[in-house]
Amino acid sequence: MNAYLKLAQEYAGEMTAHRRFLHTHAEVGCDLPVTGGYIIQQLTALGYHPKRIAPGCVSASIGRAQGKTILLRADCDALPMQEESGLPYQSENPGAAHTCGHDMHAAMLLGAAALLKAHEGELNGEVRLLFQSDEEGLTGALSAIHAGILDGVDAAMSQHVYSGEEMKVGTFYVTYGAAMASQDRFRIEISGHGGHGAMPDKTIDPINVGTYIQLGLQTIVAREMDQFQPLVITVGRFTAGNAANVIPQNAVLEGTIRTFSDAVRERAKARLTQIGTGMAQVYGAECNVTFPAQAPANINNDKMVTDMSSYIMEMGCSVEKMAPAMGSEDFAFIAAQVPSVFFAVGAGGDAPAYRLATNHHPKVQFNEDCMPYGAAALAWCAVNWLRDNSK
């Protein structure tokens, strides 16, 4: 067995402990005091000198100042939802749950940090570690970049766990080129004229307007775009009113636009704005459309895919090609600036628990047996990439 993978298997218990602590103490967004404090404590115990570089973000470095620098990144934030997994280490924080597996990403990067420390003499350059906040809000990577995390960085690598029957432990999945879609989050605020539910003629019903806007948005995908260019527009939140017998004053629709094409992206945003404001005008309401968060498509560098895949296979693991995903990742901001690769890590299996639900579901469960493979891949790929790019 590969020495890095063998040592990672020996560290499996420690990584499980890391993961379960972070899972129990799930935190959302950029405010990660317990998460960041725990990561700093563990890195310090390994002999690193970690520092907070941006809200909720922790970084540390190892290796030689001479030579290239590769960044290994793990996101650490949870989702704003209630966990329903029933696990004994279920989140203790109401409205915060690691249902996307970021706790495992952090645990694997801590495992990789331990492996790199054990093999420090083999580093022909610098490995920079980033434990990143607010991936779900699409602000964490940008805040770390603004804080200088990419200064002097020549390449970057990140991973994401996926549950499900087909996502086998010990297998990595990767895409050449566009791996994940862009995301533009939109907010449509409708202002009508509230009143008594028995007298709708005296009101301008924002719920009615919002319903027509929601239906109109679907025509952008169905009737206005090249069907060979993937586009998904989702309204995930529609809020209005507080009483059954009152027509409210305001309504809000929030959702996402996802695509791989910059041209489609800009066209969809423009049409969404036109439909929102136009439909509101038809029914006598006012409408304000904003895009509070966004990220470009996550593009893998072809050479990084080839090189890192070969290292992972040398380690004794399988690498399979996967189709581009309509999910998005704020690692895309990093990939837009330095050659990067983003791998999916199999964290599922045949057991019913891993077939029950997928990422972002309150009942999702991930197979912790994947963590030694993920940690070993991060460390092994970094060491080999620095060796092969030392000249």
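In the block above lies the structure referred to throughout.
This write-up is about the structure you can find in this document. Per chain, residues are indexed from 1 in the order of the written sequence. Local features in this predicted model are restricted to residues whose pLDDT is 70 or higher, and side-chain atom pairs enter the listing and the counts only when it is 80 or higher, whereas totals over whole chains, interfaces and linings include all residues. Water and hydrogen atoms were dropped before computing side-chain values, which therefore reflect all heavy atoms in the structure.

Observations regarding the packing of aromatic side chains
In step 1: Aromatic pairing here means that ring centres of Phe, Tyr or Trp (its six-membered ring) are within 6.5 Å. Orientation follows from the plane angle: under 30 degrees is stacked, over 60 is edge-to-face, and everything else is tilted. A complete count under the given rule lists five aromatic pairs for this structure.
In step 2: Residues Tyr-212 and Tyr-283 carry aromatic rings whose centres are separated by 5.1 Å and whose planes lie at 20° to one another, so their mutual orientation is stacked. Taken as a pair, Tyr-212 in helix α6 (residues 206-223) and Tyr-283 in the loop between α7 (262-282) and β13 (286-295) lie far apart in primary sequence, 71 residues in all.
In step 3: The lysine or arginine in question, Lys-117, covers the ring of Tyr-48, its NZ or CZ lying 5.1 Å from the ring centre. Only DSSP runs of H or I reaching four residues or more are called helices, and only runs of E reaching two or more are called strands; each is numbered from the N terminus. Geometrically, a lysine NZ or arginine CZ counts as sitting over a ring once it is within 6 Å of the ring centre and also within 35 degrees of the ring normal.

A look at helix α11 (residues 371-388)
In step 1: The end-to-end C-alpha distance of α11, which contains 18 residues, comes to 26 Å, matching closely the 26 Å that a straight helix rising 1.5 Å per residue would cover.
In step 2: The cut-offs for exposure are 20% and 50% of the maximum accessible area for each residue type, with area from a 1.4 Å probe on protein chains only; residues under the lower value are buried, those over the upper are exposed, and the others partly exposed. Counting buried residues in α11 gives 15 out of 18 residues, a clear majority hidden from the surface. Helix span, as expected, comes to 1.5 Å for every residue beyond the first.

Overview of the pairing of strand β12 (residues 250-259)
Along any regular strand the residues' side chains alternate between the sheet's two faces.
In step 1: Burial analysis of β12 places eight of its ten residues in the buried class, the great majority of the element.
In step 2: Note on pairing: DSSP must find at least two bridges between two strands before they are called paired. Relative to β12, strand β8 (residues 183-191) runs antiparallel, the two being bridged by eight bridges. Within the sheet, the bridge partner assigned to Arg-187 lies in β12 and is Glu-254.
In step 3: Summarising the sheet, strand β10 (residues 231-240) and β12 pair through nine bridges and their orientation is antiparallel.

Section: the nonpolar core
Side chains that are nonpolar tend, in soluble globular proteins, to be buried together.
In step 1: Think of a nonpolar core as a cluster: buried Ala, Val, Leu, Ile, Met, Phe, Trp, Tyr and Cys residues, connected wherever their side-chain atoms sit within 4.5 Å. Counting residues in each nonpolar core, the largest one holds 67 residues, and the members touching the most others are Leu-43, Leu-116, Val-127, Leu-129, Phe-131 and Met-308.
In step 2: By residue number, the principal contributor to this core is α11, which donates twelve residues.
In step 3: Throughout, a contact is declared for two residues whenever any of their heavy atoms are within 4.5 Å. Every residue in contact with Leu-129, bar those within four places of it in the chain, is listed here: Leu-43, Tyr-48, Val-58, Ser-59, Ala-60, Leu-71, Leu-72, Leu-109, Ala-113 and Leu-116.
In step 4: Within the second largest apolar cluster, 23 residues are counted, among which are Ala-54, Ala-156, Ala-295 and Phe-342.

Here's the deal with the pattern of salt bridges
In step 1: The term salt bridge refers to a pairing of a side-chain nitrogen on Lys or Arg with a carboxyl oxygen on Asp or Glu at a separation within 4 Å. The tally for this structure, following the rule as stated, stands at 19 salt bridges.
In step 2: The salt bridge involving Arg-19 is made with Asp-103; its shortest N-O contact spans 2.7 Å. Of this pair, Arg-19 sits in helix α2 (residues 12-24) while Asp-103 sits in helix α4 (residues 102-118), and the two are 84 residues apart along the sequence.
In step 3: A salt bridge links Arg-187 to Glu-189; its shortest N-O distance comes to 3.5 Å.
In step 4: Bridged by salt links that share partners, the residues Arg-19, Arg-20, Asp-103 and Glu-368 form one connected network.

Regarding the packing of α2 against α11
In step 1: Running from amino to carboxyl end, α2 crosses α11 at an angle of 100°, the nearest separation of the two axes being 9 Å. Classified by the angle between their axes, α2 and α11 sit roughly perpendicular to one another. Between α2 and α11, the contacting residues are Ala-12, Met-15, Thr-16 and Arg-19 on the first element and Met-371, Pro-372 and Ala-375 on the second.
In step 2: Asp, Glu, Lys and Arg are counted as charged, while Ala, Val, Leu, Ile, Met, Phe, Trp, Tyr, Cys and Pro are counted as nonpolar; the rest, among them Gly, fall into the polar class. Residues belonging to the contact of α2 with α11 are distributed by class as follows: five nonpolar, one polar and one charged. As a rule, the C-alpha atoms of each element are fitted with a line to give its axis, helices using only the stretch in contact, and angles between N-to-C directions run from 0 to 180 degrees. In what follows, roughly perpendicular refers to angles from 65 to 115 degrees, roughly parallel to angles under 35, roughly antiparallel to angles over 145, and oblique to any angle outside these ranges.

Observations concerning the sheet that holds strand β15 (residues 318-321)
Pairing between sheet strands relies on hydrogen bonds along the backbone, with the strands arranged either parallel or antiparallel.
In step 1: Reading across the sheet, the eight strands line up as β1-β2-β4-β3-β5-β16-β6-β15 and stay open at both edges, with mixed pairing between neighbours. Of all strands in the sheet, those with a lone pairing partner are β1 (51-54) and β15, marking the two edges. For this sheet the average axis-to-axis angle between neighbouring strands, irrespective of direction, equals 30°.
In step 2: Docked against the sheet, α4 engages β2 (57-63), β3 (68-75), β4 (125-132) and β5 (155-162), running at close to 145° with respect to β3.
In step 3: Strands β3, β5, β6 (171-174), β15 and β16 (340-346) of the sheet are contacted by helix α8 (residues 302-314), whose axis makes an angle of about 40° with β16.

By themselves, these observations are geometric and do not establish any function.
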